[in-house]
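# An overview of the molecular structure
This is what each chain is made of:
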Amino acid sequence: MTDRDAVSRSRNRVVEALGRWADRPDGRAEIQRIGLGFTNYNWRVIWPDRTSHFVKSPGEKTDGLIERQTAVDASRKVGLVGVAPQLLHVDAQSGVEVYEFLDGFRGANLIDLHDSDILAGILAGYRTVHRSQRFLSTATGFEQIEAHLHHLAQLNIALPSQFTSLEPALAQARDAIEASGIDLTGSYNDAHITNYMIGSGKTVKIIDWEYAGNNDSAWDLGGIAFESFMTPERERLMVELYYGSWRADAAARIYLYSNLTMMKWSLWALLQSHLSTMGYDFRQYGQFLLARAQYGISSPRWEAALRAV
């Protein structure tokens, strides 16, 4: 199936789902493709009164990547506490989701994540969720990696040598972190830069909670560190903003997780390279992540973090 075919099928699902939505505004809607997203097809629905909704249509062959019941549970909960747009409706037949539209917001970029006010806003959102929420299922970073490895084995997809060379480091980190303990909280488990939506006054909302699950809260901080290419100085600021003061053990855990997160998403990218209809070069992206993880794990900071965690 081509990307064009998948887009057409997605649009048809959206039209049908909106027709079944009892609380939809009156009149014929204008449906516009939002060309962002690596897993689902996203749409802006504009009604005759010019109000809008954000509509997400599940991508083809994504059921093995996303636990949809947990994603819906998490999306509802984080919307109710104000961290994300509110989930208004889920179509029982197609899984199409309807959200409030974030008028006046834009997706963040790399420069934004180096703005201390915006970083503080992201961390405040995480702290709210971490301290108040539990979701339907657990997905620690190690369990996410295991799930991807299992999925790849089922599809008879060989692991790249870059990944297998890092497996001893993965085992080291797991031993060190599990020995020191993991406190599970409702966690985001994603951190892609454009999922941080920036509004006026540097207001922050966090969208796309489809990979959410109960996890170590520091995994989310490791995700920001990897996505924004944080320097040690910026990582220190993040620790102080999130925890209220400097903690060497937290910084060590975040450093380990930032590199493990890259390993995790490299496996996701490898799966997507075989499953996705979206035309993105997922294989090259996965190779880039593994090169970054190799660099981080070869640093003296890795051994120091194993001792400090």
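Nothing here was measured: the structure is a model prediction, and the numbers come from that model.

### Re the sheet that holds strand β8 (residues 196–198)
- One open sheet holds the three strands; their spatial order is β6-β8-β9, and the pairing between them is antiparallel. In this open sheet, the two strands that pair with only one neighbour each are β6 (106–107) and β9 (204–206).
- In this sheet, β8 lies alongside β6 in antiparallel orientation, the contact comprising two bridges. Looking at the pairing, Gly107 lines up with Met197 of β8.
- The sheet strands contacting helix α3 (residues 116–132) are β8 and β9, and the helix crosses β9 at an angle near 45°.

### Quick look at the pattern of salt bridges
- Throughout the structure, instances matching the rule amount to 14 salt bridges.
- Between Arg20 and Asp91 there is a salt bridge whose closest N-O contact spans 2.7 Å. Highlighted residues: Arg20 in helix α1 (residues 3–20) and Asp91 in the loop between β4 (87–90) and β5 (97–100), separated in sequence by 71 residues.
- Classification of Arg20 as partly exposed rests on a relative accessible area of 34%.
- Note that Glu210 and Lys56 form a salt bridge whose closest N and O atoms lie 3.4 Å from each other. In this pair, Glu210 is assigned in the loop between β9 and β10 (213–216) and Lys56 in strand β3 (residues 52–57), connecting sequence segments 154 residues apart. Each member of the pair, Glu210 as well as Lys56, carries the same accessibility label: buried.
- Through salt bridges with shared partners, a single ionic network connects Lys56, Asp208 and Glu210.

### Notes on the packing of aromatic side chains
- The tally for this structure, following the rule as stated, stands at 12 aromatic pairs.
- Taken together, a centroid distance of 5.0 Å and an interplanar angle of 70° make the contact between Tyr280 and Phe282 edge-to-face.
- Judged by relative accessible area, Phe282 falls into the buried class, the value being 2%.
- Three or more aromatic residues joined by ring pairs form one cluster here, namely Tyr211, Trp265, Trp268, Tyr280, Phe282 and Tyr285.
- Its end group placed over the ring of Trp246, Arg236 keeps NZ or CZ at 4.2 Å from the ring centre.

### Things to note about the sheet that holds strand β2 (residues 41–46)
- Pairing within the open sheet is antiparallel, and its five strands lie in the order β1-β2-β3-β5-β4. Edge positions in the open sheet fall to β1 (30–34) and β4, since each of these has one partner strand only. Averaged over all adjacent pairs, the angle separating strand axes in this sheet is 25°, with direction ignored.
- As paired elements, β4 and β5 share three bridges and run antiparallel to each other. Paired with His89 across the two strands is Val98, which belongs to β5.
- Seen against the sheet, α1 touches β1, β2, β3 and β5 and runs at an angle of roughly 45° to β2.

### Side note on a nonpolar patch on the surface
- Together, Leu110, Phe229 and Phe288 give the surface a local cluster of nonpolar side chains, amounting to about 280 Å² of exposed area.
- Secondary-structure assignment places Phe288 in helix α10 (residues 282–298).
- Accessibility expressed as a relative area gives 41% for Phe288, which makes it partly exposed.

### Quick notes on helix α7 (residues 217–227)
- Among the 11 residues that make up α7, 11 are buried, leaving the element largely enclosed by the rest of the structure.
- Listed as buried for α7 are Ser217, Ala218, Trp219, Asp220, Leu221, Gly222, Gly223, Ile224, Ala225, Phe226 and Glu227.
- For α7, the N-terminal capping position is held by Asp216, with its side-chain oxygen 3.0 Å away from the main-chain nitrogen of Ala218.
- Just downstream of α7, Phe229 is the residue with a positive phi angle, here 50°.

### Thoughts on the packing of helix α8 (residues 232–243) against helix α9 (residues 248–275)
- Relative to each other, α8 and α9 sit at 120°, their axes nearing to 10 Å. By the criterion of interaxial angle, the relationship of α8 to α9 is oblique. Like other packed secondary-structure pairs, α8 and α9 cross with a definite hand, here right-handed. Here α8 contributes Glu235, Met238, Val239 and Tyr243 to the contact with α9, which in turn contributes Ala250, Ala251, Ile254 and Tyr255.

Definitions and limits used
- Residues numbered from 1 in each chain as written.
- Predicted model: local features only at pLDDT ≥ 70, side-chain atom pairs only at ≥ 80, totals over all residues.
- Heavy atoms only, no water.
- Pairing = 2+ DSSP bridges.
- Helix = DSSP H or I, 4+ residues; strand = E, 2+ residues; numbered from the N terminus.
- Contact = heavy atoms within 4.5 Å.
- Axes fitted to C-alpha atoms, helices over the stretch in contact; angles between N-to-C directions.
- Salt bridge = Lys/Arg side-chain N within 4 Å of Asp/Glu carboxyl O.
- Buried < 20%, exposed > 50% of the residue type's maximum accessible area, 1.4 Å probe, protein only.
- Phe/Tyr/Trp six-rings, centres within 6.5 Å; stacked < 30°, edge-to-face > 60°.
- Lys NZ or Arg CZ within 6 Å of the ring centre and 35° of its normal.
- Patch = residues over 30% accessible without salt bridge, like charges linked within 9 Å, V, L, I, M, F, W, Y side chains within 5 Å.
- Areas by Shrake-Rupley, 256 points an atom, 1.4 Å probe, with all protein chains shown as cover.
- Polar contact = N/O pair within 3.5 Å; in protein donor to acceptor, adjacent residues only side chain to side chain.
- Parallel < 35°, antiparallel > 145°, perpendicular 65-115°, else oblique.
- Left-handed = near helix turned anticlockwise from the far one by under 90°.

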